[in-house]
There are 2 protein chains.
Amino acid sequence: MVNKNKDQSTEEKILAAAKKVFIEKGMAGARMQDIADEAGINKALLHYYFRSKEKLFQVIFKAAAGNLFPRIQSILTSNLPLFDKIEQFTNDYIEIVIENPYLPLFVLNEMNKQRDNFIEKIFGGKPPEMHLLAAQIEKEVKKGTIKKTSPGHLIINMISMCIFPFIGKPMIQIIMQLDELQFRNMMEQRKKLVSTFIIDSIKK
Amino acid sequence: MVNKNKDQSTEEKILAAAKKVFIEKGMAGARMQDIADEAGINKALLHYYFRSKEKLFQVIFKAAAGNLFPRIQSILTSNLPLFDKIEQFTNDYIEIVIENPYLPLFVLNEMNKQRDNFIEKIFGGKPPEMHLLAAQIEKEVKKGTIKKTSPGHLIINMISMCIFPFIGKPMIQIIMQLDELQFRNMMEQRKKLVSTFIIDSIKK
DNA sequence: GTCTATAACTCGATAGAC
DNA sequence: GTCTATCGAGTTATAGAC
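Residues numbered from 1 in each chain as written. Chains lettered and ligands numbered in written order. Predicted model: local features only at pLDDT ≥ 70, side-chain atom pairs only at ≥ 80, totals over all residues. Heavy atoms only, no water.

What about the domain arrangement of chain A?
All names here are of chain A. When cut into domains, chain A gives domain 1 (4–63) and domain 2 (66–202). Between the C-alpha centres of domain 1 and domain 2 there is a distance of 29 Å. Contacts between domain 1 and domain 2 engage 11 residues on the former and 13 residues on the latter. Summed over both partners, the interface of domain 1 with domain 2 buries about 960 Å², with 66% contributed by carbon and sulfur atoms. Contact with domain 2 buries area across many residues of domain 1, yet Ile23, Phe61 and Lys62 alone supply 58% of it, more than any other trio. Our count for the domain 1 to domain 2 interface comes out at 0 salt bridges. Linking domain 1 to domain 2 there are 4 residue pairs in polar contact (both at pLDDT 80 or more). Counting residues per element, the ones that place at least two in the side of domain 1 that touches domain 2 are α1 (10–29) and α4 (53–77). A per-element tally of the side of domain 1 that touches domain 2 places α4 first, with 6 residues. Of the residues contributing to the side of domain 1 that touches domain 2, the split by class is 7 nonpolar, 2 polar and 2 charged. (Domains from an automatic or database assignment. Contact = heavy atoms within 4.5 Å. Buried area = accessible area lost by both parts, 1.4 Å probe. Salt bridge = Lys/Arg side-chain N within 4 Å of Asp/Glu carboxyl O. Polar contact = N/O pair within 3.5 Å; in protein donor to acceptor, adjacent residues only side chain to side chain. Helix = DSSP H or I, 4+ residues; strand = E, 2+ residues; numbered from the N terminus. Nonpolar A, V, L, I, M, F, W, Y, C, P; charged D, E, K, R; others polar.)

Structure below.
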């Protein structure tokens, strides 16, 4: 059931609070005091459970990145026909990001700052493989069902159109004069529109 | 000529250093000491010229945002035919971002953190207008040259495919196993490919 | 204008009582 | 496990000599 505080263990309360504060302010901008306040506990308890700010951050970051990347991996390696794959990916991925709209900026922002080994941290050493999807696209090109298409650019375009609108939300809202509800409605529409746009572009 | 330090006034040295440090580390992560070191001057001089870290940051942020937004505005209001407009925008915008690859993440990141009035700060009260481009698209739809197309989504798609690859660079490099040179080459290719992709998608 | 020195403050982390 | 109190490092900002 929905017990926002009562039935939650202290550790869970800390994790929920840390997620909120880190995503909102980033590693450098977040304060341990903010997290303690948000969790309704004392600052010292944070150190009792997670030793340091850095350690706590890594837990949150791994969880966040683990929500964004495996979905891409699974679509890159699934066995669906190409057009179905595109439809499923755009629909599902936009849905995920609608429910976690601040995740992409948080993860990409920290990835750009930390120069070290994400691959280890996030995937445990094995990054996603795109060769299967690339081969599938080449096959469709040879069959003549789609135009000559660069698999790499196609994947970049697909991911860009799913994720960017949420990162660029304030910019888009200014340019298009959208309030919260209008923006939300546009993102809902995109679940169908993006795959149509992509397929229209590559099919002969 | 290219006098990186000698002929530069102290103020210019500070601005260049501040731009570099703020873009790399963000407002919260940057230290006045870092900026002073980068500029080859003393910490106290920063306050002599710009009073506070916050004030210095605002100068850098305005300049950075002023580099990204007016370009969009100018394409939204220019008088070119639709397809030429799309070609020119994608080509020019990607070129700008290739030369300033960290600008988009910096600007969008800070826009998502500061909840206040950007429109004032960046545009002086008048945000870009997209009605002209929207009308142009509607006109082409009626003429039958392009499919029924949502102007809003088309603009979002266009901006997404130009900007996102630079924000998501580390993610893309992991998924596609690209080194620096390969990534750079892909971005060069995109200057032509993105407009082709868009036009293929909307033309009948 | 530019520097050194330092004040004033913030924040992560720990000690120690309960 | 949880709290209060506090230390010590690091940061912005200023005072004041040159």
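Focus: the relation of the copies chain B and chain A
For the pair chain B and chain A, the relating rotation is 180°, the translation along its axis is 0.0 Å, and the fit reaches an RMSD of 0.2 Å. Those values place the two copies in the arrangement expected of a two-fold rotation axis. It is B:Ser201 whose C-alpha, among those of chain B, lies nearest the rotation axis, at 1.9 Å. (Least-squares fit on C-alpha atoms with pLDDT ≥ 70 in both.)

Topic: the packing of helix α10 (residues 169–176) of chain A against helix α6 (residues 103–113) of chain B
Running from amino to carboxyl end, α10(A) crosses α6(B) at an angle of 85°, the nearest separation of the two axes being 8 Å. Considering the angle they form, α10(A) stands roughly perpendicular to α6(B). For the pair α10(A) and α6(B), contact is made by A:Pro170, A:Met171 and A:Ile174 and by B:Leu108, B:Met111 and B:Asn112, respectively. (Axes fitted to C-alpha atoms, helices over the stretch in contact; angles between N-to-C directions. Parallel < 35°, antiparallel > 145°, perpendicular 65-115°, else oblique.)

Some points on the protein's contact with DNA strand C
The full set close to DNA strand C counts 14 residues, and A:Arg31, A:Met32, A:Lys53, B:Asn42 and B:Tyr49 are the nearest of them. Taking all atoms of DNA strand C within 4 Å of the protein, the share assigned to sugar and phosphate is 65%. B:Thr10 places a polar side-chain atom, nitrogen or oxygen, 3.0 Å from a phosphate oxygen of DNA strand C. At the level of elements, α3 (43–50) of chain A together with α3 (43–50) of chain B are the ones that each hand at least two residues to the surface near DNA strand C. (Near = heavy atom within 4 Å.)

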